[in-house]
Amino acid sequence: MDIDKIIKEVMEQVHAQSTASAVITDMCCDAFEVPSRLEHSLLNPDVCVDKIREECLSARRYCVAAVCVAPYYVSEAADSLRGSSVKVCAAIGFPHGAMSAAAKAAEARECIKNGAQELDVAMNILAVKSGRMSDARRDLEEIVSVAQGKAQVKAVFEHCVYTDDEKVSVLNMARSCGVDFVKIQNVLSGKGADVEDIRFAKEILGNNVKIKIDGGVKTLEKAQELICAGADRIGLTATVKIAQEALGAK
């Protein structure tokens with residue numbers, strides 16, 4: 001037995017672990033906690049039912065927070081995730097929340113009935129841009145009422161379409177309506193998820209409303225950066241890649 005060789009190998013392992021720990025300590029969120037903050041987005045229009053089932057298995061494997069699907073796939077996702085900790089999140093009123101309040105509420109009710117435990121609800125952008133905040137509020141209050149005790153509500157904040165004054169008004173409205181989360185969405189922004197957007201929203205929402213953010217998150221480092229800035233959830237498609245990287249760093 002080569003004792004010197006064994007000692008050298010052990011010392012190298014200790015050094016490697018210490019280096020990894022130092023990197024993780026620089027972030028306020030340990031890498032192995034990241035998967036539980038991820039929401040696996042399956043909202044592309046070319047996603048087939050077999051893909052939904054396959055991706056739900058991956059979500060179970062890595063114990064992510066939720067899988068986000070269109071209302072059409074809620075039942076399939078619920079069946080695939082039954083018995084796991086992974087939630088089914090349904091996209092309600094996408095993309096701009098511009099249908100009638102009754103239609104949006106009916107969609108929410110059906111999704112909850114089919115197994116959705118969380119709802120990403122598109123606020124009525126057209127109402128906000130028309131200065132009809134009371135219409136936008138009425139929509140959101142109706143969804144919160146429908147979901148009460150049954151599902152968490154995440155109000156979708158497509159921030160790039162609003163003026164600064166509108167941003168403040170919309171965030172205050174979401175907070176006062178009693179939503180569980182505000183989802184900072186970057187579908188139209190083109191710039192991707194940004195820590196400054198989280199900090200801006202957090203300043204208005206306070207600590208009683210959680211924050212979800214999406215927008216091109218592709219690395220573990222970026223996910224940790226967003227969490228450190230105040231994000232409670234991250235919506236993304238690179239879920240498996242980041243989960244594998246995070247658990248490998250544990």
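Residues numbered from 1 in each chain as written. Predicted model: local features only at pLDDT ≥ 70, side-chain atom pairs only at ≥ 80, totals over all residues. Heavy atoms only, no water.

Draft legend 1. Main features of unusual backbone geometry. Phe94 connects to Pro95 through a cis peptide bond whose omega is 5 degrees. Inspection of the secondary structure puts Pro95 in the loop between strand E3 (87-92) and helix H4 (101-113). Of note, Cys63 is a non-glycine position whose phi angle comes to about 50 degrees, a positive value. Following the sequence through the fold, Cys63 ends up in the loop between helix H2 (49-62) and strand E2 (66-69). Relative accessible area serves as the criterion here: at 45%, Cys63 is assigned to the partly exposed category. (Helix = DSSP H or I, 4+ residues; strand = E, 2+ residues; numbered from the N terminus. Buried < 20%, exposed > 50% of the residue type's maximum accessible area, 1.4 Å probe, protein only.)

Draft legend 2. Layout of the UniProt feature "active site" (unreviewed entry) in the protein. This chain's UniProt record puts "active site" (unreviewed entry) on Asp120, Lys183 and Lys212. A maximum C-alpha distance of 9.9 Å places the annotated residues, which cover 93 residues in sequence, within one compact spot. Checked against the lining of the largest pocket, the annotated residues just named reduce to Asp120, Lys183 and Lys212. Of note, Lys183 is situated in strand E6 (residues 181-184). A residue is classified by how much of its surface remains accessible, and Lys183, at 4% relative accessible area, is buried. Each residue touching Lys183, except ones within four places of it in the same chain, is listed here: Phe94, Asp120, Ala155, Val156, Phe157, Lys212 and Asp214. Mapped onto the elements of the fold, Lys212 is located in strand E7 (residues 210-214). Judged by its relative accessible area of 1%, Lys212 is buried. (UniProt positions renumbered as here; feature names shortened; annotations may be inferred. 1 Å grid on protein atoms, 1.4 Å probe; cavity = no way out; pocket = protein on both sides within 12 Å on 5 of 7 lines; lining within 4 Å. Contact = heavy atoms within 4.5 Å.)

Draft legend 3. View of the pairing of E6. The two faces of E6 match: Phe181 and Lys183 on one face and Val182 and Ile184 on the other face are all buried. Pairing analysis gives four bridges linking strand E5 (residues 152-157) to E6, with the strands arranged parallel. Following the sheet pairing, Phe157 is matched in E6 by Ile184. Remark: the E5/helix H7 (residues 164-177)/E6 crossover connection has right-handed handedness. Examined bridge by bridge, E6 and E7 share four bridges and lie parallel to one another. By the bridge assignment for E7, Phe181 is matched with Lys210. Note that the unit made of E6, helix H8 (residues 195-205) and E7 has a crossover that is right-handed. (Pairing = 2+ DSSP bridges. Right-handed = clockwise from strand over helix to strand, strands pointing away.)

Draft legend 4. Region of the structure containing the sheet that holds strand E1 (residues 38-41). In space, the eight strands of this closed barrel follow the order E1-E2-E3-E4-E5-E6-E7-E8, with parallel pairing throughout. Sheet twist, expressed as the average angle between the axes of neighbouring strands with direction ignored, equals 25 degrees. For strand E4 (residues 118-122) and E5, the ladder comprises five bridges, and the chain directions are parallel. Looking at E5, one finds that Asp120 is bridged to Lys154. Most of the contacts of H4 go to E3, to which it runs at about 160 degrees, and overall it touches E3 and E4. (Axes fitted to C-alpha atoms, helices over the stretch in contact; angles between N-to-C directions.)

Draft legend 5. Structural view of the packing of H4 against helix H6 (residues 133-147). The interhelical angle for the contact between H4 and H6, taken along N-to-C directions, is 25 degrees, at an axis separation of 9 Å. Between H4 and H6, the crossing angle belongs to the class labelled roughly parallel. You can see that H4 and H6 cross each other, and the crossing is right-handed. Seen from H4, the contacting residues are Ala101, Lys104, Ala105, Ala108, Arg109 and Ile112; seen from H6, they are Asp139, Glu142, Ile143, Val146 and Ala147. Across the contact of H4 with H6, the residue classes tally to seven nonpolar, no polar and four charged. (Parallel < 35°, antiparallel > 145°, perpendicular 65-115°, else oblique. Left-handed = near helix turned anticlockwise from the far one by under 90°. Nonpolar A, V, L, I, M, F, W, Y, C, P; charged D, E, K, R; others polar.)

Draft legend 6. Structural view of the layout of surface pockets. What the largest pocket holds in volume is close to 480 Å³. Lining the largest pocket are 26 residues; nearest its centre among them are Ser41, Leu43, Lys183, Val187 and Asp214. Sorting the residues of the lining of the largest pocket by element identifies E1, E7 and strand E8 (233-236) as the ones contributing at least two each. Partitioning the lining of the largest pocket into residue classes produces ten nonpolar, nine polar and seven charged. (Points joined across faces, edges and corners; volume = space filled by probe spheres on them.)

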